[in-house]
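# A structural walkthrough
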Amino acid sequence: MAATIIDGKAFAARVRGQVAEQVAVLRTAHGIVPGLAVVLVGQDPASQVYVRNKGTQTVEAGMASFEHKLDVATPQAEILALVARLNADPAVHGILVQLPLPAHVDAAAVINAIDPAKDVDGFHISNVGLLGTGQKALVPCTPLGCLMMLRDHHGDLSGMDAVVVGRSNIVGKPMAQLLLGDSCTVTIAHSRTRDLREVCRRADILVAAVGRPGMIPGDWVKPGATVIDVGINRVPHPDDPARTRLVGDVDFDSCAAVAGAITPVPGGVGPMTIACLLANTLTACCRAHGLAEPTGLTA
Ligand code: NDP
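Before going into details, it helps to say that this report is about the structure given with it. Keep in mind the model is a prediction, meaning the values are calculated, not measured. (Residues numbered from 1 in each chain as written. Predicted model: local features only at pLDDT ≥ 70, side-chain atom pairs only at ≥ 80, totals over all residues. Heavy atoms only, no water.)

A few words now on the sheet that holds strand S2 (residues 35–41). The strand order across the open sheet built from three strands is S3-S2-S4, with neighbouring strands paired in parallel fashion. Of all the strands in the sheet, the pair left with one neighbour each is strand S3 (64–70) and strand S4 (94–97). With strand direction ignored, the average angle separating the axes of adjacent strands in the sheet is 15 degrees. Contacting S2, S3 and S4, helix H2 (residues 45–60) crosses the sheet at an angle of about 160 degrees to S3. (Pairing = 2+ DSSP bridges. Helix = DSSP H or I, 4+ residues; strand = E, 2+ residues; numbered from the N terminus. Axes fitted to C-alpha atoms, helices over the stretch in contact; angles between N-to-C directions. Contact = heavy atoms within 4.5 Å.)

Here it is, written out as structure tokens:
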């Protein structure tokens, strides 16, 4: 069986297009421009690339982008003061503090200082609680992107057996909550799970969010299952060890031979993350102004 390849790049472009359309309506009908503020502390190269891409895509969607680049040694009190200013700024509807933060900063204190209504990463403890209790929240972008792809592929997910490998606060746990919200029967697996192969083989939907290159082989996958590979791992290139390439947490070739559908790496979940950040910013803006929420762009 050859799996359907779920094209995250194309799907993300579609989501960005939907966001841009609704942003244009907000602008013309209400004179409102959604704004996203991104705070970057330090010069971590990967974070700089993410922040640049976020800024570019925010502007392309017709939104306002506010970038705040702070020195790596910026005291926590100064970061908190900036967050307080952004909370109070009516032009800012979404605030994202790029993680990781330097070691001298208490990341939880900074994240929990963000106004939950502007917390477009969905990491604030209030949004975590709202999601966990099935209430209207801002939802972490990567799992939201996975959910959108699954809904797009399957329609109704109700009653499906879902296994999420990984229990991090940013991917595994919110992913499991979202699948539960869509009435899947959900298992969360982790490093202490016994007989992970058998657990994975039960899954109609298998989400891998581990950070270990190719750890899930094809014989862990139930024939016909949908495999969502969240992992982004940089490994030596097979043809040239001086170069690197990106691979996921599943062994793509053997899993694609068994699965019904699968996301590739790169070009699967990755592009959906920024698309969902834009969607969350639009949602936060609509909620702030008491307007109808965008359809198809929320959990
Ligand atoms: P974390 O390191 O925070 O969590 C990894 C999870 O995997 C933990 O729960 C851990 O279990 C579990 N785990 C580790 N080893 C095993 C094992 N041998 N068997 C079963 N479970 C195991 O990672 P993240 O959730 O932050 O990220 C996961 C992956 O997703 C990474 O590759 C990351 O780069 C990628 N990612 C991709 C994004 C995107 O935009 N596409 C966004 C965010 C992350 P335990 O809790 O027991 O230690």
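Don't stop here, the text continues.
When a strand is regular, its side chains alternate between the sheet's two faces. Judged by which residues are buried, strand S8 (residues 226–229) turns out to be covered on both faces: Thr226 and Ile228 on one side and Val227 and Asp229 on the other are all buried. Direction of pairing for strand S7 (residues 205–208) relative to S8: parallel, over a ladder of four bridges. When the sheet's bridge partners are listed, alanine 208 is paired in S8 with aspartate 229. Sheet topology note: the S8/strand S11 (residues 261–262) ladder contains two bridges and is parallel. Among the inter-strand pairings, valine 227 is bridged to a residue of S11, identified as isoleucine 262. (Buried < 20%, exposed > 50% of the residue type's maximum accessible area, 1.4 Å probe, protein only.)

To continue, consider the site of the ligand. In the vicinity of the ligand lie 22 residues, with Arg167, Ser168, Ser191, Ile232 and Thr273 positioned nearest. Between the ligand and serine 191 there is a distance of 2.5 Å, counted from an oxygen atom to a side-chain nitrogen or oxygen. Take threonine 273: an N or O atom from its side chain is 2.8 Å from an oxygen atom of the ligand. Isolated, the ligand exposes 930 Å² of accessible area, and the fraction of that covered by the protein chains is 70%. Broken down by element, the shell around the ligand gets its largest block of residues, three residues, from helix H10 (residues 269–288). Its residues placed into classes, the shell around the ligand shows 10 nonpolar, 10 polar and two charged. (Near = heavy atom within 4 Å. Polar contact = N/O pair within 3.5 Å; in protein donor to acceptor, adjacent residues only side chain to side chain. Areas by Shrake-Rupley, 256 points an atom, 1.4 Å probe, with all protein chains shown as cover. Nonpolar A, V, L, I, M, F, W, Y, C, P; charged D, E, K, R; others polar.)

Let us now look at the sheet that holds S11. On the basis of which strands lie adjacent, the open sheet formed by six strands has the order S1-S11-S8-S7-S5-S6 and parallel pairing. Each end of this open sheet is capped by a strand with a single partner; those strands are strand S1 (4–5) and strand S6 (185–189). Inspection of the sheet shows strand S5 (residues 161–165) paired to S6 by five bridges, in the parallel sense. Bridged to alanine 162 within S6 is valine 186.

Let us look at the side chain of asparagine 280. Here asparagine 280 shows up in helix H10. Of the residues examined, asparagine 280 reaches a relative accessible area of 3% and is grouped as buried.

Inspection of the secondary structure assignment puts threonine 244 in strand S10 (residues 240–247). By relative accessible area, which is 43% here, threonine 244 ends up partly exposed. A C-alpha to C-alpha distance of 9.8 Å links threonine 244 and asparagine 233, two positions 11 residues apart in sequence. When neighbours within four sequence positions are excluded, threonine 244 is seen to be in contact with Arg234, Val235, Pro236 and His237. Within the structure, the side chain of threonine 244 is placed 3.0 Å from the side chain of arginine 234, a separation counted as a polar contact.

So, about the pattern of salt bridges. This model, assessed by the stated rule, comprises eight salt bridges. Between lysine 69 and glutamate 67 there is a salt bridge, and its shortest N-O distance comes to 3.5 Å. Owing to a relative accessible area of 36%, glutamate 67 belongs among the partly exposed residues under this scheme. Beyond isolated ion pairs, a larger network of salt bridges with shared partners links Lys136, Arg287 and Glu293. (Salt bridge = Lys/Arg side-chain N within 4 Å of Asp/Glu carboxyl O.)

So, about the packing of helix H1 (residues 8–30) against helix H6 (residues 141–154). A pair of packed helices is captured by two measures, namely the crossing angle of their axes and the spacing between those axes. Two elements in contact, H1 and H6, have axes whose closest approach is 11 Å; the angle formed by their N-to-C orientations is 100 degrees. If you check the angle between H1 and H6, you find them roughly perpendicular. Of H6, the residues touching H1 (which contributes Gly8, Phe11, Arg14 and Val15) are Met148, Met149 and Asp152. Residues of the contact of H1 with H6, tallied by class, amount to four nonpolar, one polar and two charged. (Parallel < 35°, antiparallel > 145°, perpendicular 65-115°, else oblique.)

With 55 residues, the main nonpolar core has Val19 and Leu179 as its most contacted residues. Taken together, the elements giving at least two residues each to this core come down to H1, S2, H6, S5, helix H7 (172–181), S7 and H10. The element that contributes the greatest number of residues to this core is H10, accounting for 11 residues. The two domains that each donate at least three residues to this core are domain 1 (30–116) and domain 2 (141–270). In contact with leucine 179, other than residues within four places in its own chain, are Leu150, Leu157, Ala162, Val164, Cys184, Val186 and Val207. Counting 20 residues, the second largest nonpolar core, distinct from the first, contains Val165, Val199, Cys255 and Ala259. (Core = buried A, V, L, I, M, F, W, Y, C linked by side-chain atoms within 4.5 Å. Domains from an automatic or database assignment.)

As a further point, take the environment of valine 269. Along the chain, valine 269 falls in helix H10. You can call valine 269 buried: its relative accessible area is 2%. A sequence separation of 260 residues divides valine 269 from lysine 9, and the C-alpha atoms of the two residues are 8.2 Å apart. Ignoring anything within four residues of it in the chain, the contact list for valine 269 reads Thr142, Cys146, Met149, Ile228, Asp229, Val230, Thr263 and Pro264.

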